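Next come the chains, spelled out residue by residue.
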Amino acid sequence: MSLKIGDYQLKYGLMLAPMAGGTDSTFRELCISCGAEFTVSEMVCAKALCYEQRSKKLSAEGYNTAMLARVPQTQMPMSVQIFGSEPEFMAEAAAMIENCSYKGCMSDCAPAAIDINMGCPVRKITSNGEGSALMKDPALAGRIVRAVADAVKAPVTVKIRA
């Protein structure tokens, strides 16, 4: 089954699903070596990335969220997954990630796509109305997708749970 995402044609459609705490750079490299044609980063909190940019106190080592959004050229094609419940923060973070225009950026290139997390069931995430909690508010989910899609040129995908 062939699949196309943006400029990338995936011959078999073999993709690594995103998983917080699991799909770090080392794991993505391993999966690529075993045949994954497309990978996705760990979840990046859109609001945290935006707030890190506004902080005057952080040093180069203090950009923890920025580190999660790192896109190495060797792992392309890959997507960066963002999460949040506020369209304006989601759009701002997506644009910064696509343009590699944020403090602490260690990306070699822009991601192939931006993925929006609407599937995480973890209470810490859903209690803030993020992740799978967005499925309870389709209007807000739609505003988030629209805001992100309007903010970037890259394809926008959404992770959901049935």
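Residues numbered from 1 in each chain as written. Predicted model: local features only at pLDDT ≥ 70, side-chain atom pairs only at ≥ 80, totals over all residues. Heavy atoms only, no water.

Novice: Describe the layout of surface pockets, and please don't skip the residues or the numbers.
Specialist: A volume near 190 Å³ is recorded for the largest pocket. Taken together, I5, M15, L16, A17, P18, F38, V40, S79, D115, T157, V158 and K159 make up the full set of residues lining the largest pocket. Per-element tally for the lining of the largest pocket: the top contributor is strand β6 (residues 156-160), with 3 residues. When the residues that make up the lining of the largest pocket are grouped by side-chain class, the tally is 8 nonpolar, 2 polar and 2 charged. (1 Å grid on protein atoms, 1.4 Å probe; cavity = no way out; pocket = protein on both sides within 12 Å on 5 of 7 lines; lining within 4 Å. Points joined across faces, edges and corners; volume = space filled by probe spheres on them. Helix = DSSP H or I, 4+ residues; strand = E, 2+ residues; numbered from the N terminus. Nonpolar A, V, L, I, M, F, W, Y, C, P; charged D, E, K, R; others polar.)

Novice: Tell me what's going on with the pattern of salt bridges, and back it up with residues and numbers.
Specialist: Using the criterion set out here, one finds 3 salt bridges in the structure. K47 is the salt-bridge partner of E86, the closest N and O atoms lying 2.8 Å from each other. In this pair, E86 is assigned in the loop between β4 (78-83) and α4 (87-99) and K47 in helix α2 (residues 46-54), connecting sequence segments 39 residues apart. With relative accessibility at 26%, the residue E86 sits in the partly exposed group. Judged by relative accessible area, which is 30%, K47 ranks as partly exposed. D150 is the partner of R146 in a salt bridge, and the nearest nitrogen-oxygen pair spans 3.1 Å. Of the two residues, R146 and D150 both sit in helix α6 (residues 138-151), 4 residues apart, roughly one turn of that helix. (Salt bridge = Lys/Arg side-chain N within 4 Å of Asp/Glu carboxyl O. Buried < 20%, exposed > 50% of the residue type's maximum accessible area, 1.4 Å probe, protein only.)

Novice: Describe the environment of P138, listing the residues and the values that go with them.
Specialist: Examined against the element boundaries, P138 turns out to sit in helix α6. The exposure class assigned to P138 is exposed, which follows from its relative accessible area of 62%. When the C-alpha positions of P138 and I97 are compared, they lie 25 Å apart, and in sequence the two are 41 residues distant.

Novice: Describe the side chain of E37, with residues and values.
Specialist: The residue E37 is located in the loop between α1 (25-33) and β3 (39-45) in this model. One polar contact links the side chain of E37 to the main-chain amide nitrogen of Y12, over a distance of 3.0 Å. (Polar contact = N/O pair within 3.5 Å; in protein donor to acceptor, adjacent residues only side chain to side chain.)

Novice: Lay out the pairing of β4 with the relevant residues and their values.
Specialist: Most of β4 is tucked away: 6 of the 6 residues are buried. The alternating pattern of β4 places M78, V80 and I82 and S79, Q81 and F83 on opposite faces, both of which are buried. Alignment of β3 against β4, held across 5 bridges, turns out to be parallel. When the bridges of β4 are listed, V40 appears paired with S79. As paired elements, β4 and strand β5 (residues 113-118) share 4 bridges and run parallel to each other. In the strand pairing of β5, Q81 is matched with D115. Between β4 and its parallel partner β5, the chain crosses via α4, and the hand of that crossover is right-handed. (Pairing = 2+ DSSP bridges. Right-handed = clockwise from strand over helix to strand, strands pointing away.)

Novice: How would you summarise the nonpolar core if you had to cite specific residues and measurements?
Specialist: Core analysis: the biggest nonpolar cluster contains 34 residues, and I82, I97, I144 and V148 have the highest contact counts within it. Put simply, the parts of the chain that give this core at least two residues each are β3, α2, β4, α4, β5 and α6. If one sorts the elements of this core by residue count, α4 sits on top with 6 residues. (Core = buried A, V, L, I, M, F, W, Y, C linked by side-chain atoms within 4.5 Å.)

Novice: Before we move on, can you summarise α6 with the specific residues and values?
Specialist: The end-to-end C-alpha distance of α6, which contains 14 residues, comes to 20 Å, matching closely the 20 Å that a straight helix rising 1.5 Å per residue would cover. Inspection of α6 places L140, A141, I144, A147 and V148 among the buried residues, and these make up the whole buried set. Considered in projection along α6, the buried side chains sweep an arc of 130° and stay on one side of the axis. Counted as exposed and oriented over 90 degrees from the buried face of α6: P138, R146 and D150. (Expected span 1.5 Å × (residues − 1). Arc of directions from axis to C-beta.)

No statement about biological role is implied by the geometric values presented.
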